[in-house]
Amino acid sequence: LQGKILVKEESNIQKITIFESLRYGKGLLLDDCWMTTERQEKHYHECLVHPAICSAEKLDKVLIIGGGDGGTARECLRHKEIKRLDMIEIDQRVIELSQQYLPSIGGNAWQDPRLHIEIQDGAKWIANANDDTYDVVIIDGSDPKGPAKGLFNKAFYQNCKRILRKDGVFATQTESPETFRQIHIDTVKTIREVFSNADPLYGNVPIYPSGWWSWTFAAIDTTRYHNPKAERAKAVSKNCEIWSTRWQKGAFEAIPAFVERELKK
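Structure report, in brief. (Residues numbered from 1 in each chain as written. Predicted model: local features only at pLDDT ≥ 70, side-chain atom pairs only at ≥ 80, totals over all residues. Heavy atoms only, no water.)

So, the packing of aromatic side chains
So, point 1. Applying the stated rule across the entire model yields twelve aromatic pairs.
So, point 2. Residues Phe170 and Phe195 carry aromatic rings whose centres are separated by 5.2 Å and whose planes lie at 20° to one another, so their mutual orientation is stacked. Remark: Phe195 occurs in the loop between helix 7 (181–194) and strand 10 (197–204) and Phe170 occurs in strand 9 (residues 164–173); sequence separation between them is 25 residues.
So, point 3. Pairwise contacts between aromatic rings join Tyr44, Phe180, Tyr208, Trp213 and Trp215 into one cluster. (Phe/Tyr/Trp six-rings, centres within 6.5 Å; stacked < 30°, edge-to-face > 60°. Helix = DSSP H or I, 4+ residues; strand = E, 2+ residues; numbered from the N terminus.)

Details of the environment of Cys33
So, point 1. Along the chain, Cys33 turns up in strand 4 (residues 33–37).
So, point 2. As for Cys33 and Tyr208, which are separated by 175 residues in sequence, their C-alpha atoms are 8.4 Å apart.

Overview of the pattern of salt bridges
So, point 1. Counted according to the given criterion, the structure contains 19 salt bridges.
So, point 2. Across the pair Glu75 and Arg78 runs a salt bridge, and its minimum N-O distance is 2.7 Å.
So, point 3. Of the residues examined, Glu75 reaches a relative accessible area of 1% and is grouped as buried.
So, point 4. According to the relative accessible area criterion, Arg78 is partly exposed, its value standing at 23%.
So, point 5. Between Arg162 and Asp131 there is a salt bridge, with its nearest N and O atoms 2.6 Å apart. Here Asp131 lies in the loop between helix 5 (122–127) and strand 8 (134–140) and Arg162 lies in helix 6 (residues 154–163), a separation of 31 residues in the sequence. (Salt bridge = Lys/Arg side-chain N within 4 Å of Asp/Glu carboxyl O. Buried < 20%, exposed > 50% of the residue type's maximum accessible area, 1.4 Å probe, protein only.)

A few points about the pairing of strand 1 (residues 3–10)
So, point 1. Bridging between strand 1 and strand 2 (residues 15–21) involves seven bridges; their strand directions are antiparallel. Each bridged residue has a counterpart across the sheet, and for Gly3 the counterpart in strand 2 is Ser21.
So, point 2. Two successive antiparallel strands, strand 1 and strand 2, enclose a turn made up of four residues. (Pairing = 2+ DSSP bridges.)

What about the sheet that holds strand 8?
So, point 1. Pairing within the open sheet is mixed, and its seven strands lie in the order 7-6-5-8-9-11-10. If you trace the sheet from one side to the other, it starts and ends with strand 7 (115–119) and strand 10, each paired once. Put simply, the sheet's adjacent strands are angled 15° from each other on average, direction ignored.
So, point 2. Sheet analysis places strand 5 (residues 61–66) next to strand 8, joined by five bridges and oriented parallel. Residue pairing in the sheet places Ile65 in a bridge with Ile139 of strand 8.
So, point 3. With respect to the sheet, helix 6 is in contact with strand 5, strand 8 and strand 9, its orientation differing from that of strand 9 by roughly 145°. (Axes fitted to C-alpha atoms, helices over the stretch in contact; angles between N-to-C directions. Contact = heavy atoms within 4.5 Å.)

See below:
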């Protein structure tokens, strides 16, 4: 990729790089893996956020684990119904560098009084969080190694279910079904074991390995994530680049045959 490195530093947690590319604008890499870029972040953030936020019964309290670049918070806060948004990010430097070099990704989220940030390990934080607290729980972590490793296991998902309200929705990125085939299948299976209702959704994020990506949504009572509330969807979709209710329907249907077979085993 053509461009230049603007920042390269080691925080006390990971290696952080800000790269300015000719094709995708400025971007963030953690431990040399692409996390986001200015011209592609909507391919990821819209698809993670809106299926969950549009379908939860209420939006009093929403939780993001990770998300230090601010994109997930920005998409959440476009929904006026949200009263409080808690964000648990492990690395303060990711937030600081994103605010400085990638201001368009967080947008107005950083100044929104509904956003409350805590710098902590998300897996440890969630283990001590209260039951039935959140209407939506969104996991916006990096790949299952290094600091994000604890965000891909059964105990973690059980805690997510415990703190989720009965009529809420859980959302997480679940890697590439091509590059991380087994991780993807195992993760979806684990989420299905914990929540009785869970389904993967598929889309494209060209800067990510293989360009083919997935997100998985889960709920306790029904497959409510398949039914976005019309008013919420209408309020945000007119300014979305990728997500719409039509796109979402197709993206849930786009499950590859090999994944479907594995999930039925």
